[in-house]
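Residue-level structural notes
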Amino acid sequence: MSFPSLRRATRLLTLGALLGLAHAQQATPDERLLAPLQLQLDAPADVVLSRDTGERVLEVVTTRTTPLPNVARRYGLTPGAVKLAAAHGATQVVQLTLPGRVQARQPLRPQSVVTYRVRPGDTIARVAGRFGLTVVDLLGVNLDRTSLDRLPVGSTLNVPTGTRGLLVRIKPGQSALSLIAGYGADLLATARANDVLPTELDVGDELLLPGIRAEGFAQQLAEKREAERRAQVAAQRQAQYEKFVAWKQAREKARLEAKYAAQEQYEKFLAWKNSPQRKAAIAALERQQQFEAAQAAAQARTRQTARQAAVAAVSLAPGRSGLIWPMRSYRLTSRYAERDIAFHQQVFHGGIDLAAPYGTPIYAASAGRVTQSGYGAYGLNVYMQSGDSTLVYGHMSRTAVSSGQEVAQGQLLGYIGCTGICTGPHLHFEVRLGGQTVDPLGLLP
């Protein structure tokens, strides 16, 4: 039926009962469902109710004492759309001119409540402060909020620009009057805040209840936030603990694997240690070492003999019969062919090392000509040709001569440093006779 609502249809049936309606005509269930509803009065029927077929005129039966403006307001019409069609005793037939088929209207809401679209970085507290509201005032018109923190960008919030209060939506089975009474709101203040009579609001409309604060709702969201924070902390602690347990288990696994691997390696070593192959290899190595030692001793004797012969035959610069120490103050830290440090164990030490503080002067041990002055095999070094011999001064911090310069014995060549491969400030002094290094200590006074 096209009655505005089931409630209005119920009112019509109730009015029919007041008129003394008896019982419907006897018919089959299908006939009662499809045929127009016909009610039998004690007297011949003056009014017959039928299904709405889309006409724009509707006749309804009311008591004769019901004013026509009340009927118009009941059906949402203007007074001019309602007129009296007939009167029968205590009842009357009212003709309603409908504006067409009933269209679903948009839910009503207070004009003082506006919509705000959430921007990036917004929170409930920030939006409330922007409009001069408290958090409770803002929550009072946003009872659908489930969190104080989660505000998706682009979502909407209701913002009260006038009276503060609680914004509720009328649900089926509720009415504006029942909500006003249930929340204890003032009827007149509610009508003013909503700019409409509460009786004109229907299911789906929004009702602003002034003076009602959503403190309980705010407390509920705050408790939910705290519960979520505690749950997050607990989850983080649990994850950290599980990570620790996994790390501990992995470490124990690695320890056992290393232990088993070491045991396996040790067992392999024991098997190899007692094997005939190892014993044969040791015997072969010992024979090889003895052979190499004998060769090395023979070569050393040959070199020593050659050096002694070279020293006897070599001549220094004219006018000089020997060398002088290249420094006035020094400390001998490494001798010729000494294997005192890792580098000297890998590379033959063909000179002597004289340690002294940075900047100590270095003098020519013999007269001669400078063949090289700059960076070379021993960092910043000076090479001098003196007769058939070559003198090397290495690891200087600064040189005082240049290549090609003639230098007298005792002349300043440079200063102590630690350039090149060096373990501390010192002078590497080297003597080469016929291109072969010899022990400088055998030539120095």
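Rules of the game
- Residues numbered from 1 in each chain as written.
- Predicted model: local features only at pLDDT ≥ 70, side-chain atom pairs only at ≥ 80, totals over all residues.
- Heavy atoms only, no water.
- Helix = DSSP H or I, 4+ residues; strand = E, 2+ residues; numbered from the N terminus.
- Buried < 20%, exposed > 50% of the residue type's maximum accessible area, 1.4 Å probe, protein only.
- Contact = heavy atoms within 4.5 Å.
- Areas by Shrake-Rupley, 256 points an atom, 1.4 Å probe, with all protein chains shown as cover.
- Core = buried A, V, L, I, M, F, W, Y, C linked by side-chain atoms within 4.5 Å.
- Patch = residues over 30% accessible without salt bridge, like charges linked within 9 Å, V, L, I, M, F, W, Y side chains within 5 Å.
- Salt bridge = Lys/Arg side-chain N within 4 Å of Asp/Glu carboxyl O.
- Polar contact = N/O pair within 3.5 Å; in protein donor to acceptor, adjacent residues only side chain to side chain.
- pLDDT = per-residue confidence, 0-100.
- Arc of directions from axis to C-beta.
- Pairing = 2+ DSSP bridges.
- Axes fitted to C-alpha atoms, helices over the stretch in contact; angles between N-to-C directions.

In the nomenclature of an unreviewed UniProt entry, the protein corresponds to Peptidase M23 from the organism Deinococcus daejeonensis.

This part takes up the overall build of the protein. Broken down by element type, the protein carries 10 helices and 18 strands. By residue count, 32% of the 445 residues in the protein fall in the buried class. Across the protein, every contact between residues at least 6 apart in sequence was considered, and the portion connecting residues at least 24 apart equals 63%. As displayed, the protein has an accessible area near 27600 Å², and 54% of this comes from carbon and sulfur atoms.

We now examine the nonpolar core. One finds Leu-138, Leu-139, Leu-207 and Leu-209 to be the most contacted residues of the largest nonpolar core, which totals 28 residues. Elements with a minimum of two residues in this core: helix 4 (124–130), helix 5 (135–140), strand 5 (156–160), strand 6 (165–169), helix 6 (176–183), strand 7 (206–210) and helix 8 (215–273). In this structure, Leu-139 is in contact with Ile-124, Arg-145, Leu-148, Ala-214, Phe-217, Ala-218 and Leu-221, ignoring residues within four places of it in sequence. Within the second largest apolar cluster, 26 residues are counted, among which are Leu-323, Phe-429, Val-431 and Val-438.

A cluster of nonpolar side chains, namely Tyr-266, Phe-269, Leu-270 and Trp-272, defines an oily patch on the protein surface of about 400 Å² accessible area. Checked against the element boundaries, Phe-269 lands in helix 8.

With respect to the helices and strands, the residue His-395 is situated in the loop between strand 13 (389–394) and strand 14 (396–399). We classify His-395 as buried; its relative accessible area is 6%. Among the polar contacts listed, one links the side chain of His-395 to the backbone oxygen of Thr-419, at a separation of 2.7 Å. Not counting residues within four places of it along the chain, the set of residues in contact with His-395 comprises Tyr-378, Leu-380, Ile-416, Gly-417, Cys-418, Thr-419, Ile-421, Cys-422, His-426 and His-428.

Let us now look at the confidence of the model for the protein. Per-residue pLDDT for the protein has a mean of 82; in total, 83% of the residues score no lower than 70. Taken together, the stretch residues 1–43 has pLDDT below 50 and engages in 38 contacts with residues farther than four places along the chain or on a different chain. Considering only residues more than four positions removed or in separate chains, one finds that residues 313–321, a stretch of pLDDT under 50, has 17 contacts.

On to helix 7 (residues 187–194). Of the positions making up helix 7, those classed as buried are Thr-190, Ala-191, Ala-193 and Asn-194. Projected onto a plane normal to the axis of helix 7, the buried residues spread over an arc of 165° and lie on a single side. Contacts made by the buried residues of helix 7 are with helix 6 and strand 7. Among the residues of helix 7, the N-terminal cap falls to Asp-186, whose side-chain oxygen and the backbone nitrogen of Leu-188 are separated by 3.2 Å. Just downstream of helix 7 lies Asp-195, where phi reads positive at about 55°.

Across the sheet, 3 strands lie side by side as 10-16-14; this open sheet has antiparallel pairing. The open sheet has two edge strands with one neighbour each: strand 10 (361–363) and strand 14. If you compare each strand with its neighbour and ignore which way they point, the axes differ by 35° on average. For strand 14 and strand 16 (residues 412–416), the ladder comprises 3 bridges, and the chain directions are antiparallel. Within the sheet, the bridge partner assigned to Thr-399 lies in strand 16 and is Gly-414.

A few words on helix 6. Those residues of helix 6 that sit buried are Ala-176, Leu-179 and Ile-180. End-on view of helix 6: buried residues confined to an arc of 100°, all on one side of the axis. Turned more than 90 degrees away from the buried face of helix 6, the exposed residues are Ala-181 and Gly-182. Buried residues in helix 6 make contact with strand 6, helix 7 and strand 7. Looking one or two residues beyond helix 6, the residue adopting positive phi is Gly-184, at roughly 70°.

Under the definition given, this model contains 13 salt bridges. Put simply, Lys-268 and Glu-264 hold a salt bridge, and the shortest N to O gap is 3.8 Å. Note that Lys-268 and Glu-264 are positioned in helix 8 at a spacing of 4 residues, about one turn of the helix. By relative accessible area, which is 45% here, Glu-264 ends up partly exposed. With a closest N to O distance of 2.5 Å, Glu-430 and Arg-432 form a salt bridge. When its relative accessible area of 1% is taken as the criterion, Glu-430 is described as buried. Residues participating in the shared-partner salt-bridge network are Arg-109, Arg-169 and Glu-206.

With that out of the way, let us pick up unusual backbone geometry. Although it is not a glycine, Asp-195 adopts a positive phi angle of roughly 55°. Residue placement: Asp-195 occurs in the loop between helix 7 and strand 7. Judged by its relative accessible area of 61%, Asp-195 is exposed. Here the phi dihedral of His-395 falls at roughly 70°; this positive angle occurs in a residue that is not glycine.

Okay, the side chain of Thr-360 next. Assignment of secondary structure puts Thr-360 in the loop between strand 9 (352–355) and strand 10. In this structure Thr-360 comes out as buried when scored by relative accessible area, which is 15%. Residue contacts for Thr-360: discarding those within four places in its chain leaves Met-327, Ser-329, Gly-414, Tyr-415 and Ile-416.

Burial of strand 5 is extensive: 4 of the 5 residues sit out of reach of the surface. Where strand 4 (residues 113–117) and strand 5 come together, 5 bridges link them in antiparallel fashion. Considered in strand 5, the bridge of Thr-115 is made with Asn-158.

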